[in-house]
Amino acid sequence: MKAKDFYTQTHLVVAAIRIYSYQNSEAPSVEAICKTLSIATEQGHLVCKKLDEMEIIEMVKGPYGSRLFIKDHLKIEEIPKDDPGTSIKDELERFQNTQKDFKQKIEEFKAKKDEEQKNLFAQIEERLKKKKSN
């Protein structure tokens, strides 16, 4: 997609949905829109997901994949015209940061459980020692 700003990308995606629906009498898939606009499937999924979150389009998942429907095209005008949107690189960095945070939480949880287990075994061992001495 040669358009750099998210506003233009949004207009192109919505227009592609309309054209595809008109020509084929069915709702397009993300892949069909990507093919129509000559963009990478990953970039198309990223843009469509953002538009779904903004309730401009609706992604309906069915047995034959996700289909796209225009929900409220007037919300496009709420997007700043100079907003570059998010790139795949930004999304990847955000995902990696989320994974790091998740790993850290898991490590903290494991450490806490290990400490609780050590304390429990120490208590059990202490009780056994008291029983043996009685």
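The structure presented is a predicted model; accordingly, all values stated were derived computationally and were not measured. (Residues numbered from 1 in each chain as written. Predicted model: local features only at pLDDT ≥ 70, side-chain atom pairs only at ≥ 80, totals over all residues. Heavy atoms only, no water.)

Chemist: Honestly, the pattern of salt bridges in this entry has me stumped. Any pointers?
Modeler: Oppositely charged side chains are able to pair whenever their charged atoms sit close together. Enumeration according to the criterion identifies 4 salt bridges in this entry. Here Glu116 makes a salt bridge to Lys113, at a shortest N to O gap of 3.4 Å. Of this pair, Glu116 and Lys113 both sit in helix H4 (residues 88-133), 3 residues apart, which is roughly one turn of the helix. Take Glu116: its relative accessible area is 37%, and that puts it in the partly exposed class. In this structure Lys113 comes out as partly exposed when scored by relative accessible area, which is 40%. (Salt bridge = Lys/Arg side-chain N within 4 Å of Asp/Glu carboxyl O. Helix = DSSP H or I, 4+ residues; strand = E, 2+ residues; numbered from the N terminus. Buried < 20%, exposed > 50% of the residue type's maximum accessible area, 1.4 Å probe, protein only.)

Chemist: Honestly, the pairing of strand E2 (residues 65-70) in this entry has me stumped. Any pointers?
Modeler: Successive side chains on a regular strand alternate, one facing one side of the sheet and the next facing the other. Where strand E1 (residues 57-62) and E2 come together, 6 bridges link them in antiparallel fashion. In the strand pairing of E2, Glu58 is matched with Phe69. Where E1 hands over to E2, the hairpin turn is made up of 2 residues, counted between the paired strands. (Pairing = 2+ DSSP bridges.)

Chemist: What exactly am I supposed to notice about the side chain of Ser29 here?
Modeler: Counting through the fold element by element, Ser29 comes out in the loop between helix H1 (6-24) and helix H2 (30-37). With a relative accessible area of 13%, Ser29 lands in the buried category. Polar side-chain contacts of Ser29 include one of 3.1 Å to the backbone nitrogen of Ala32. Setting aside its immediate chain neighbours within four residues, Ser29 contacts Ser66, Arg67 and Leu68. (Polar contact = N/O pair within 3.5 Å; in protein donor to acceptor, adjacent residues only side chain to side chain. Contact = heavy atoms within 4.5 Å.)

Chemist: When you look at the state of the cysteines in this model, what are you seeing that I'm missing?
Modeler: In protein chemistry, a disulfide is the covalent bond that joins the sulfur atoms of two cysteines. A complete count under the given rule lists 0 disulfides for this structure. With no disulfide of its own, Cys34 lies closest to Cys48 among cysteine sulfurs, the gap being 6.4 Å. For Cys48, a relative accessible area of 1% puts it in the buried group. (Disulfide = S-S within 2.5 Å.)

Chemist: I keep staring at unusual backbone geometry and nothing clicks. Help me out?
Modeler: Glycine aside, the phi torsion of most residues is negative, and most peptide linkages are trans. Positive phi outside glycine occurs at Ser38, with the angle close to 55 degrees. On the secondary structure map, Ser38 appears in the loop between H2 and helix H3 (41-53). Ser38 gets classed as exposed once you look at its relative accessible area, which sits at 62%. Not every positive phi belongs to a glycine, and Glu55 is a case in point at roughly 60 degrees. Turning to its location among the elements, Glu55 is positioned in the loop between H3 and E1.

Chemist: How should the packing of H1 against H3 be read in this particular structure?
Modeler: Each pair of packed helices gets described by two things: the angle between the helix axes and the distance between those axes. Following both chains from N to C, one finds H1 and H3 inclined at 95 degrees, their axes separated by 11 Å at the closest point. Between H1 and H3, the interaxial angle falls into the category roughly perpendicular. Of the residues in H3, those touching H1 at Phe6, Gln9, Thr10 and Val13 are Gln43, Val47, Cys48, Lys50 and Leu51. Split by residue class, the contact of H1 with H3 holds 5 nonpolar, 3 polar and 1 charged. (Axes fitted to C-alpha atoms, helices over the stretch in contact; angles between N-to-C directions. Parallel < 35°, antiparallel > 145°, perpendicular 65-115°, else oblique. Nonpolar A, V, L, I, M, F, W, Y, C, P; charged D, E, K, R; others polar.)

All quantities given are derived from atomic positions and should not be read as evidence of function.
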